[in-house]
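Results of the structural survey
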Amino acid sequence: MKNTKLQAFIPLFYLVWSDDLLTQKEFSTLQEFIRSLTLLSPEEQQYLLSKVDISNPPSRNELAEWKLDIEKSIKDKSSIKSVFDIAVALSDTHLDISTLEADFTKLENDLGVLGEEVIQNFKAKAESFTASSQANSTFDIQKITELLDGKESAIIKKVKSVISQPEFAYETSTDITVYRETVYKWCKILADENLGNMAYPKQHGGGENIADYFAIMETLSYHDLSLVIKFGVQFGLWGMSVQSLGTEKHYAKYLKDIGSLKLPGCFAMTETHHGSNVKGLETTATYHHGNQTFTIHTPNKNAQKEYIGNAAVHGQMASVFAKLIIDGHDYGVNAFVVPLRDTNGNTLAGITIGDCGHKMGLNGVDNGTISFDKVEIPKENMLDRFASVNDKGEFESPIPSDNRRFFTMLGTLVGGRIGIPRSALAAAKSGLTIAIRYSNQRRQFGPEGGSEVPILNYRMHQRRLLPHLAKTYAVHFALQYLTNRFLNRTESEMQEIEALAAGMKSYSTWSTRDILQECREAIGGKGYLSENRIDALKNDTEIYTTFEGDNTVLMQLVAKNRLSEFRKSFGEMGSLGIINYVYENAKTAIAEKNPIATRRTDDEHLLDDQFHLQAFVHREKTILASAARRIKKLIDEGLEAYDAFNVVQHQMIDVAQAYLERIVLEQFQEAIKAVEDENSKAILTKLNQLYALAQIEKNKGWYLEDGYMEAVKTKAIRKMVNQLCWDIRPDAVSLVNAFDIPESCLAAPIAVN
């Protein structure tokens, strides 16, 4: 083919045969393109068609010859940006192909090919784009930091200042007794700085600022996570249970001492055989009207309180969740303040405390077991905001429904499901900062005759870390949204907010688990060394997927909430409402599944935020309607509702996942709209595009099954994810530096900036 006017089509042949991912359909697309070339004679068309016959591939020598021809023709041509540009460079003077630019561009789109990516295969070694890529910030790091910190900037700076002090040097002893005492000492320093009492009312020594309390929890999570959990148990679970479930008499008696750590305490809910199922707790609180006392009792071994933070060593009191029994009648789970130890640390009569011992992580937290043997407490120790015993010894509650009262009580404790995902987010930021900084410095391999290249320049390494970086930014803004919803909640919104908190707790902690594993592997052997802290981050956050509610159980809660919202909007599932909804949804789906939309692969479309959001919303609505229809069908066929939900549990997880992905994307997009600085907006927009397309790529099987996209489009999305990773790579180090994690907290030798 040399020295003929058909030389211009070599790039197409090389493109087809060097990419073994092209399908029969895509070969057909290329053949249609050749047949449409009216400037060629039938004989010339036939010759070209013979070169794209899937049953007759070229020899390796022919492939190598084509590549050599291309490399020679485009050497030093920096203006080449597409396959068409290569064709022009190769074309014979007898063939004017200038009129074919639009046809070549359409072909690239139809094949899901990024011309820029193809060209890089032919650059001369001295011009290796892989070797020459380097960190080069396109934005003001401080402006991103200010955006991330938001209104809590002042308290975040204060906490960072405190945990950067020499007293907060990491504990290196492997003796858990030493470790626990160090963590307790740290908590005392934080209490003395008035950080522990931040959420409590001002008249009881607090700061009356829940937003700052959440920011404190998240910022502390850049340091030792045992400290975060100990802090959260003392000032959050123990203190906030008194504040949320008690009344003024309890505030006056306990809150000031809890906030100063004069009164260390526990949150005793979980039992050996009743973790997530709070309604099934077996510990009892039996009321005796004669002497106005309650008897707290553990009826059997499996009813002991287990995994209780602060119990094994430091706790002097506990908010204990137990079934209230009056005159033999069970009034459901209520909360009671029960003393455990005296001020000298001696265990009180009737109290048996065990030590959970060494754990997978969080060994600075003294988790223990607690059993009660007919322990008597006064009547005023019942936390009586939602239920009480009156002067006649009768049960009273401002909420008549047992079910509603129970969920109202638990709803007041939803703050824990905001603190934990925000803590997990900080751990993910720490892991990514260590991994990305190291990857920017660690060199390995390189072009022939050239020096070794930073491993962050390799596409696969970018693929491993940068979608996780984009997701971490996305989760940050979603958790800001959740926090604001919680702070400004109304009674009518509470169920939705509780479900959102349960979902985001799962989404964030699962994300952190996966991110830290990828960071460990991406760092290689250095990630296995304890000095680089990935092991502590991994081990300490592992339990985040379980406490404050097992993630899988919480996702069921989210899905049930989405189904109940569905029912509210469209009436009972048997009514015309669901039929109309499905019909309307189907009409929308047909419009969105037109052949042009399902195959469209141009950059403008693939990077469009409305396309992203529509794809997420479509998936969410379709999965929700499908689950609702399936449950209704099972119930109509005679199954109990309980059994029907069990049959579709895997689908319920999909319902929750699709809802959360849409929320996260939506809130990232909303946050970007409010950004005024153009450079900040530009890099955040790239991260948003990467998050959206990486999620679509992850769910591509669903989109293909549903007919919402065709293979040519999902392939183009895969290539666009690669391109976005490449485009973000120069800013990656600056993006993790924008988290502004104190160097003393990172403390990983490989993460020196």
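Structure report, in brief. Keep in mind that this is a model prediction, so the values were computed, not measured.

Rules and cut-offs
- Residues numbered from 1 in each chain as written.
- Predicted model: local features only at pLDDT ≥ 70, side-chain atom pairs only at ≥ 80, totals over all residues.
- Heavy atoms only, no water.
- Helix = DSSP H or I, 4+ residues; strand = E, 2+ residues; numbered from the N terminus.
- Buried < 20%, exposed > 50% of the residue type's maximum accessible area, 1.4 Å probe, protein only.
- Contact = heavy atoms within 4.5 Å.
- Pairing = 2+ DSSP bridges.
- Phe/Tyr/Trp six-rings, centres within 6.5 Å; stacked < 30°, edge-to-face > 60°.
- Lys NZ or Arg CZ within 6 Å of the ring centre and 35° of its normal.
- Arc of directions from axis to C-beta.
- Polar contact = N/O pair within 3.5 Å; in protein donor to acceptor, adjacent residues only side chain to side chain.

Moving on, we come to the overall build of the chain. Across its full length, the chain holds 31 helices and 13 strands. Put simply, the chain has 753 residues, and 56% of those count as buried. Counting only contacts in the chain whose residues sit at least 6 apart along the sequence, the fraction spanning at least 24 positions is 75%.

Checked against the element boundaries, E376 lands in strand β9 (residues 375–378). Along the sequence, E376 and F294 sit 82 residues apart, while their C-alpha atoms lie 5.7 Å from each other. Look past the residues within four positions of E376 in its chain and what remains in contact with it is N291, T293 and F294.

This part is about the pairing of β9. Where burial is concerned, the two faces of β9 differ: the one with V375 and I377 is buried and the one with E376 and P378 is not. Here strand β3 (residues 293–297) runs beside β9; their pairing, made up of 4 bridges, is antiparallel. The partner of T295 across the bridge, within β9, is E376.

What follows is about the packing of aromatic side chains. The geometry of an aromatic ring pair is captured by two quantities: the separation of the ring centres and the angle between the planes. Using the criterion set out here, one finds 17 aromatic pairs in the structure. With a centroid separation of 5.2 Å and 85 degrees between ring planes, the pair formed by W702 and Y703 is classed as edge-to-face. What links up through ring pairs into an aromatic cluster is the set Y213, F214, F231, F235 and F486. Lying over the aromatic face of Y507, K471 brings its terminal NZ or CZ to 4.8 Å of the ring centre. Over the aromatic face of F486 sits the side chain of R489, whose NZ or CZ is 4.1 Å from the ring centroid.

We now examine helix α9 (residues 141–149). Each full turn of the α-helix corresponds to 3.6 residues, which orients residues three or four apart in the same direction. By the burial criterion, the buried members of α9 are I144, T145, L148 and D149. All buried residues of α9 lie within an arc of 130 degrees about the axis, which places them on one face of the element. Tucked into the core, α9 has its buried residues touching α10 (153–163), α17 (459–487) and α27 (678–698). For α9, the N-terminal capping position is held by D140, with its side-chain oxygen 3.0 Å away from the main-chain nitrogen of Q142.

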